[in-house]
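# Structural overview
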Amino acid sequence: MRVSQMLLPTLREVPAEAEVVSHQLLLRAGFIRKTASGIYTYLPLAQRVLKKIMQIIREEMDRQGGQEMLMPIIQPAELWLESGRWHVYGPELFRLKDRHHRDFCLAPTHEEVITVTVRNEVRSYKQLPLLLYHITNKYRDERRPRFGLMRGREFIMKDLYSFDQDEAGLDISYRKMHEAYTNVFRRCGLTCRPVEADSGAIGGSTTHEFMVLAESGEAAILYCTACDYAANVEKAITLPAAGLDPGMQPLELQEVSTPGKKSAEEAAAFLQMEPCHIIKTMIYKTDQEIVAALVRGDRDVNEVKLLNALNAINLELADEETVRQATGAPTGYVGPVGLKNIRIVADPEVMALANAVAGANKQDAHLMNVHPGRDFKPDMVEDIRIVKAGEPCPKCGARLQEARGIEVGQIFKLGTKYSKVLGATFLDENGKEQPIVMGCYGIGVTRTMAAAIEQNHDQDGIIWPASIAPYHVVVIPVSAKDEAQMNLAETLYRELNQAGVEAVLDDRPERPGVKFKDADLVGYPLRVVVGNKAVQEGLVEVRRRRSGQTDLIPLSEAVAKVREILPTL
RNA sequence: CGGGAUGUAGCUCAGUUUGGUAGAGCGCACGGUUCGGGACCGUGAGGCCGCAGGUUCAAGUCCUGUCAUCCCGACCA
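Predicted model, so just to flag it, every value in this text is computed and none were measured. (Residues numbered from 1 in each chain as written. Chains lettered and ligands numbered in written order. Predicted model: local features only at pLDDT ≥ 70, side-chain atom pairs only at ≥ 80, totals over all residues. Heavy atoms only, no water.)

Attention now goes to the sheet that holds strand S27 (residues 473–477). If you walk across this open sheet you meet the five strands as S28-S27-S29-S30-S31, and the pairing is mixed. Looking at strand neighbours, the two that pair on one side only are strand S28 (503–505) and strand S31 (550–554), the edges of this open sheet. Looking at each pair of strands side by side, their axes are set apart by 25° on average, direction ignored. In this sheet, strand S30 (residues 539–544) lies alongside strand S29 (residues 526–530) in antiparallel orientation, the contact comprising four bridges. Within S30, the position partnered with Val528 by the bridge is Val542. Those strands touched by helix H13 (residues 483–498) are S27, S28 and S29, and its axis lies near 165° from that of S27. (Pairing = 2+ DSSP bridges. Helix = DSSP H or I, 4+ residues; strand = E, 2+ residues; numbered from the N terminus. Axes fitted to C-alpha atoms, helices over the stretch in contact; angles between N-to-C directions. Contact = heavy atoms within 4.5 Å.)

Following this line, the structure appears as structure tokens:
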């Protein structure tokens, strides 16, 4: 392809709307344009990158026995009513009506369709296992689309669904996908880490997220430097809390005046003690009840853990009014002692406290010498706190470190959640009807492209890993008006393509500086410059985008050199 | 969903306070000089000033509404 004929609208300035680097560079380098908030048009270069990522995904899915299919984006409400998710999914589900006023939605995921398809076609254990996948657009009406391709409302996703006879089969499928995902991201040139995660609304038990480590990542993860433990903060655990100190004598409950000391830190400082002796009481509202969550004063409530412990669908911090009604006190002075009619969930660490301080359920007052078990009895003791960097790894005890990551893939063991609701069953060897055991496995294709840039760029632009670069090499004649240079560049460009190297020829009548800047911005892994030295001495420059290393080599060896370097990039 | 901000040329942004014939830089077209890291000179094209209503002799500017976009928040008692 000749650059003079390409739709490659590079921009000198950063469009005002772009915040994160991948978004800025995708716009500046002429890869994408916004069509609506969270919805983008992929220009030719982006499409080439996406196709390469999808090809890598296909190869790795197929290698594990995956079969590609294609499912509809527009889906009837009945399907979602049947699974129960029409009402559960909420405003994130794009809903629409056809001309007969029948309800439809734009699929945010495809469990319903695939499960019903398999239900209708699979009868016997002999037809299992199955690994079925497709790559298509997904739609989620995000409450706040942002960061360009990172959190869009329309995005391309690969999703594979596994169907097995039993848990043992699911384990095998899950391992296959774990391996496939590791391969996919490695081949895409990404530094990626699988982490344990919460399964969220999709449901199911075991799940791993594949995180591309990057500062701009939306997710926080904790990982162990000594072993392979790594988890999303939502899921991360640490070693169990120490038990109650047996030497501690319970003292008598005592009310103290703490005017204006609302936070655990303020109260602790005022009472001249460490925040870890405070019982922090947070009032939450779920879809069905009001609960009090207790953590140590130096800890934070992990709302995901709390939500799971309560088996609730929604969870939010109660507003001031609700707190007053439930406890009789304003926020800041709530405590577990004497609380009535609301459930108390305590973190195990709280139960290990003796003579602790808690809110007195009275304005400007706290209670001292609160003794868990004596002064209040929690309805539930569960790990509901956020683990922080520096705490011990639950597997090996080494210190955990914190990092940020972009979630590019997630794999789930669904179990029989969907097969049961949707009636996807098979007959086993004994002729007994069983629900199919399922797993689902997603990769955000468009997000992977953005993540690749987050991890591979510099001040001048993108640095594509060769495996997903839109083109491998750009051939730049220094002067498009110099016929001798152009002829040599043309020939080299043709030879490269004939040799299977994806090359473009920057034949635009631009000054060399412009072409160099654009080449850096677009991020071709290699650049070959054909200048005067080529005409006079038969030498061309081969330059690696990432390292900047430049080799002056004979024109006749250029193709071989490019082919030699490419696999190393 | 709440709060904040912004909508003016393809892009980045002035102009709005104090109403009076629409601006700059970059980009684009043409001519010339240049030509190894985003050149220079000249000429030119390009605007329903987001949209609708209102006030006024007169609105990019003031008022009302509306739409869109971006940011922050929706988290610690």
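Of all residues adjacent to RNA strand B, which total 43 residues, the nearest are Arg12, Arg144, Asp520, Arg527 and Glu541. Sugar and phosphate atoms constitute 46% of the interface atoms of RNA strand B, taking the interface as everything within 4 Å of the protein. One nitrogen or oxygen atom from the main chain of Gly332 is found 3.4 Å from a sugar or linking oxygen belonging to RNA strand B. For the surface near RNA strand B, the secondary-structure elements that each account for two or more residues are helix H7 (264–270), strand S14 (278–286), helix H14 (512–522), S29 and S30. Element by element, the count of residues in the surface near RNA strand B is highest for H14, at eight residues. For the surface near RNA strand B, the per-class residue count stands at 15 nonpolar, eight polar and 20 charged. (Near = heavy atom within 4 Å. Polar contact = N/O pair within 3.5 Å; in protein donor to acceptor, adjacent residues only side chain to side chain. Nonpolar A, V, L, I, M, F, W, Y, C, P; charged D, E, K, R; others polar.)

This part covers the pairing of strand S5 (residues 94–97). Bridging between S5 and strand S6 (residues 103–106) involves four bridges; their strand directions are antiparallel. Bridge pairing in S6 links Arg95 to Cys105. Where S5 folds back on S6, the antiparallel hairpin that results is connected by five residues, among which His101 adopts a positive phi of roughly 65°.

Moving on to the packing of helix H2 (residues 44–63) against helix H12 (residues 445–455). Running from N to C, H2 and H12 point in directions that differ by 110°, and their axes come no closer than 10 Å. One finds that H2 runs roughly perpendicular with respect to H12. In the packing of H2 onto H12, the handedness of the crossing is right-handed. The residues of H12 that touch H2, namely those facing Ala46, Val49, Leu50, Ile53, Met54 and Ile57, are Val445, Thr446, Thr448 and Met449. (Parallel < 35°, antiparallel > 145°, perpendicular 65-115°, else oblique. Left-handed = near helix turned anticlockwise from the far one by under 90°.)

Phe31, Met61, Tyr181, Met449, Trp464 and Tyr524 are the most contacted members of the largest nonpolar core, which has 63 residues in total. The element that contributes the greatest number of residues to this core is H2, accounting for nine residues. With residues up to four places along the chain from it excluded, the contact list for Phe31 reads Leu26, Thr41, Tyr42, Leu43, Leu45, Ala46, Val49, Ile462, Trp464, Pro470 and Val522. (Core = buried A, V, L, I, M, F, W, Y, C linked by side-chain atoms within 4.5 Å. Buried < 20%, exposed > 50% of the residue type's maximum accessible area, 1.4 Å probe, protein only.)

Quick look at the pattern of salt bridges now. Inspection of every chain in the model, using the stated rule, returns 41 salt bridges. The partner of Glu68 in a salt bridge is Arg58, and the shortest N-O contact between them spans 2.7 Å. Of the two residues, Glu68 is situated in strand S3 (residues 67–68) and Arg58 in helix H2; the sequence distance between them amounts to 10 residues. Judged by its relative accessible area of 24%, Arg58 is partly exposed. A salt bridge links Arg508 to Asp518, with the shortest nitrogen-to-oxygen separation between them at 3.1 Å. Of the two residues, Arg508 sits in the loop between S28 and H14 while Asp518 sits in helix H14, which places them 10 residues apart along the sequence. Connected via shared salt-bridge partners are Arg296, Asp298, Arg299, Glu349, Arg385 and Glu391. (Salt bridge = Lys/Arg side-chain N within 4 Å of Asp/Glu carboxyl O.)

A word on the domain arrangement of chain A. Domain assignment breaks chain A into domain 1 (3–236 + 402–453), domain 2 (254–381) and domain 3 (471–568). Taken together, the contact between domain 1 and domain 3 spans 13 residues of the former and 12 residues of the latter. Between domain 1 and domain 3 lies a buried interface of about 1100 Å² when both sides are counted; carbon and sulfur atoms form 60% of it. Applying the counting criterion to the domain 1 and domain 3 interface returns two salt bridges. Salt-bridge contacts for Arg48 lead to Glu502; the nearest nitrogen and oxygen are separated by 3.2 Å. There are six residue pairs in polar contact (both at pLDDT 80 or more) connecting domain 1 and domain 3. Contributions of two or more residues to the side of domain 1 that touches domain 3 are made by helix H1 (21–28) and H2. Sorting elements by how many residues they give to the side of domain 1 that touches domain 3 places H2 first, with three residues. When the residues that make up the side of domain 1 that touches domain 3 are grouped by side-chain class, the tally is eight nonpolar, two polar and three charged. (Domains from an automatic or database assignment. Buried area = accessible area lost by both parts, 1.4 Å probe.)

For the rest of this paragraph, the subject is unusual backbone geometry. The residue after Leu128, namely Pro129, is reached through a cis peptide bond having omega 0°. Phi angles above zero are rare outside glycine, and Asp364 is one such case at about 60°. Mapped onto the elements of the fold, Asp364 is located in the loop between strand S18 (356–359) and strand S19 (365–370). The phi torsion at Asn369 lies on the positive side, around 60°, for a residue other than glycine. Relative to the helices and strands, Asn369 resides in strand S19. Judged by its relative accessible area of 11%, Asn369 falls in the buried class.

If you check which residues of helix H9 (residues 320–327) are buried, you get Thr322, Val323, Ala326 and Thr327. Summarising the axial view, the buried residues of H9 lie within an arc of 105°, below the 170-degree limit, and thus occupy one face. The secondary structure elements touched by the buried residues of H9 are S14 and strand S15 (290–296). Note on H9: the residue one or two positions beyond its end, Gly328, has a positive phi of about 80°. (Arc of directions from axis to C-beta.)

For the rest of this paragraph, the subject is the sheet that holds strand S4 (residues 74–76). Read across the sheet, three strands follow the order S4-S6-S5 without closing on themselves; strand pairing throughout is antiparallel. The open sheet is flanked by S4 and S5, the only strands paired with a single partner. Here the strands of the sheet are splayed against their neighbours by 35° on average, with no regard to which way each runs.

This brings us to the side chain of Arg508. Arg508 sits in the buried class, given a relative accessible area of 16%. Engagement of the side chain of Arg508 in a polar contact is seen with the side chain of Asp506, the distance being 2.8 Å. Here Arg508 is in contact with Val3, Ser4, Ala480, Val514, Lys515 and Asp518, once residues within four sequence places are set aside.

A separate point is the side chain of Arg447. Considering the arrangement of structural elements, one finds Arg447 in helix H12. Buried charge without a salt bridge: Arg447, with Glu407 as the nearest opposite-charge side chain at an N-O distance of 4.6 Å. A polar contact is formed between the side chain of Arg447 and the backbone oxygen of Met150, at a distance of 2.9 Å. The residues contacting Arg447, other than those within four sequence positions of it, are Leu149, Met150, Arg151, Ile406, Glu407 and Val408. (Lys, Arg positive; Asp, Glu negative; His and termini not counted.)

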